[in-house]
Amino acid sequence: MSSFTTPTPLSFQAFKLLQKAPEGDSTLPNNYGTIDLKAIKQDALTLDKLILGFSLDRSGSMEIISKDGNSLLQHAQTVVINIARYLMDVNTKNPNTSFAIKVVYFDNQLDELPLFKINFENETDNIDDFIRNFKQYKPRGSTNIQLPIEHYKNHELFQEENSYHILLTDGKPNCGHTSSTDLQDSLPNCNNIFIGFGPDHAVKLLTSLAKTTDGEYNFVNSAENAGMLYGDLLHGILYNVS
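Residues numbered from 1 in each chain as written. Predicted model: local features only at pLDDT ≥ 70, side-chain atom pairs only at ≥ 80, totals over all residues. Heavy atoms only, no water.

Q: Teacher, can you tell me more about the pairing of strand β10 (residues 216–220) here?
A: In summary, the side chains of a regular strand alternate between the two faces of the sheet. The sheet contact formed by strand β9 (residues 191–197) and β10 spans 5 bridges and is parallel. Across the sheet, the residue bridging to Gly-196 is Phe-219, located in β10. The β-α-β motif built from β9, the intervening helix α5 (residues 203–212) and the parallel element β10 has right-handed crossover chirality. (Pairing = 2+ DSSP bridges. Helix = DSSP H or I, 4+ residues; strand = E, 2+ residues; numbered from the N terminus. Right-handed = clockwise from strand over helix to strand, strands pointing away.)

Next comes the structure, spelled out in structure tokens:
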């Protein structure tokens, strides 16, 4: 048996199983191996203030029902609600943290929700009221991605270092700027994350926008996926995992 270890939590062990000599044309001394990888638990937050801005597509195409019985818009709403609840929990365990969530819904118009505060400017809003107001929006209209991204580009809160703009859409703009080339000049200067919904979302458009801004691209194709995505997003932000 041979083995190696690395400074990372990775170990490899190689074995000979009923082996008297190298097999076939191989010169390897072993014919079986195992790799053990241990995850590192990260407890320390790398930031104590975070501002998240969500642009939620409420256009007619987000009314499409997935196999799980939920619409694409409901999947998007699940992501935001889970993030809000998670940040409330983080603040409870880390009282010095400060979070704010800004939400705008868009189709061919823009609907802006009040800023949801979690120990932000010494205020904490009621999360049940936030969710109740947040979930009242239904799909309608056409898709103008230019509207929300320009909104955040001009928003003073999203000039700060620890601010993130997250676009949730099926990525099928049919009014305003519709190409990544035209849209890239409208993108906010903060960190950008693009999330596509549904199997037919515009992958090329969203990945191109992510590449342009050195941002991230993710996709959601089920309620289960929507429920897990928030953890991946927040863990990467709060614990500075690249």
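Q: Sorry, what's going on with the packing of aromatic side chains here?
A: Scanning the model with the defined rule gives 5 aromatic pairs in all. Residues Tyr-105 and Phe-134 carry aromatic rings whose centres are separated by 5.7 Å and whose planes lie at 40° to one another, so their mutual orientation is tilted. Taken together, the residues span a long stretch of sequence, with Tyr-105 in strand β5 (residues 98–106) and Phe-134 in helix α2 (residues 127–134) at a distance of 29 residues. Exposure class is identical for Tyr-105 and Phe-134. Each is buried. Among the aromatic side chains, those forming a connected cluster through ring pairs are Tyr-105, Phe-116, Phe-130, Phe-134 and Tyr-137. (Phe/Tyr/Trp six-rings, centres within 6.5 Å; stacked < 30°, edge-to-face > 60°. Buried < 20%, exposed > 50% of the residue type's maximum accessible area, 1.4 Å probe, protein only.)

Q: Help me out: how do you make sense of unusual backbone geometry in this one?
A: For residues besides glycine, phi is generally negative; the peptide bonds are generally trans as well. Look at Glu-121: it is not a glycine, yet its phi comes out positive at around 55°. Secondary-structure assignment places Glu-121 in the loop between β7 (116–118) and α2. We note that Asn-122 has phi near 65°; this positive angle belongs to a residue other than glycine. Residue position: Asn-122 is located in the loop between β7 and α2. For Asn-122, a relative accessible area of 76% corresponds to the exposed category.

Q: Is there a simple way to think about the environment of Gln-109 in this case?
A: On the secondary structure map, Gln-109 appears in the loop between β5 and β6 (110–112). Residue class for Gln-109 comes out partly exposed when judged on its relative accessible area of 47%.

Q: Can you walk me through the packing of helix α1 (residues 72–93) against α2 in this structure?
A: Each packed pair of helices is defined by two parameters, the angle between the axes and the distance between the axes. Running from N to C, α1 and α2 cross one another at 170°; their axes reach a closest spacing of 11 Å. If you check the angle between α1 and α2, you find them roughly antiparallel. For the pair formed by α1 and α2, the contact residues are Gln-77, Val-80, Ile-81, Ala-84, Arg-85 and Met-88 on the first element and Ile-127, Phe-130, Ile-131 and Phe-134 on the second. Among the residues making up the contact of α1 with α2, the classes are represented as 8 nonpolar, 1 polar and 1 charged. (Axes fitted to C-alpha atoms, helices over the stretch in contact; angles between N-to-C directions. Parallel < 35°, antiparallel > 145°, perpendicular 65-115°, else oblique. Contact = heavy atoms within 4.5 Å. Nonpolar A, V, L, I, M, F, W, Y, C, P; charged D, E, K, R; others polar.)

Q: Would you mind going over the layout of surface pockets with me for this structure?
A: Over the atoms, a rolling probe the size of a water molecule traces out where space has been left empty. A volume near 230 Å³ is recorded for the second largest pocket. Every residue lining the second largest pocket is counted, 16 residues in all, and those nearest its centre are Gln-74, Gln-77, Thr-78, Ile-81 and Lys-135. The leading source of residues in the lining of the second largest pocket is α1, at 8 residues. Classifying every residue of the lining of the second largest pocket gives 6 nonpolar, 7 polar and 3 charged. (1 Å grid on protein atoms, 1.4 Å probe; cavity = no way out; pocket = protein on both sides within 12 Å on 5 of 7 lines; lining within 4 Å. Points joined across faces, edges and corners; volume = space filled by probe spheres on them.)

Q: Looking at this structure, I do not really get the pattern of salt bridges. What am I missing?
A: A pair can form between side chains of opposite charge whenever their charged atoms are brought close. Taken as a whole, this structure holds 8 salt bridges when the rule is applied. Put simply, Lys-117 and Glu-121 hold a salt bridge, and the shortest N to O gap is 3.1 Å. Between Arg-132 and Asp-129 there is a salt bridge; the shortest N-O distance is 2.8 Å. Of this pair, Arg-132 and Asp-129 both sit in helix α2, 3 residues apart, which is roughly one turn of the helix. Exposure remark for Asp-129: the relative accessible area of 44% places this residue in the partly exposed category. (Salt bridge = Lys/Arg side-chain N within 4 Å of Asp/Glu carboxyl O.)

Shape is all these values report; function is a separate question.
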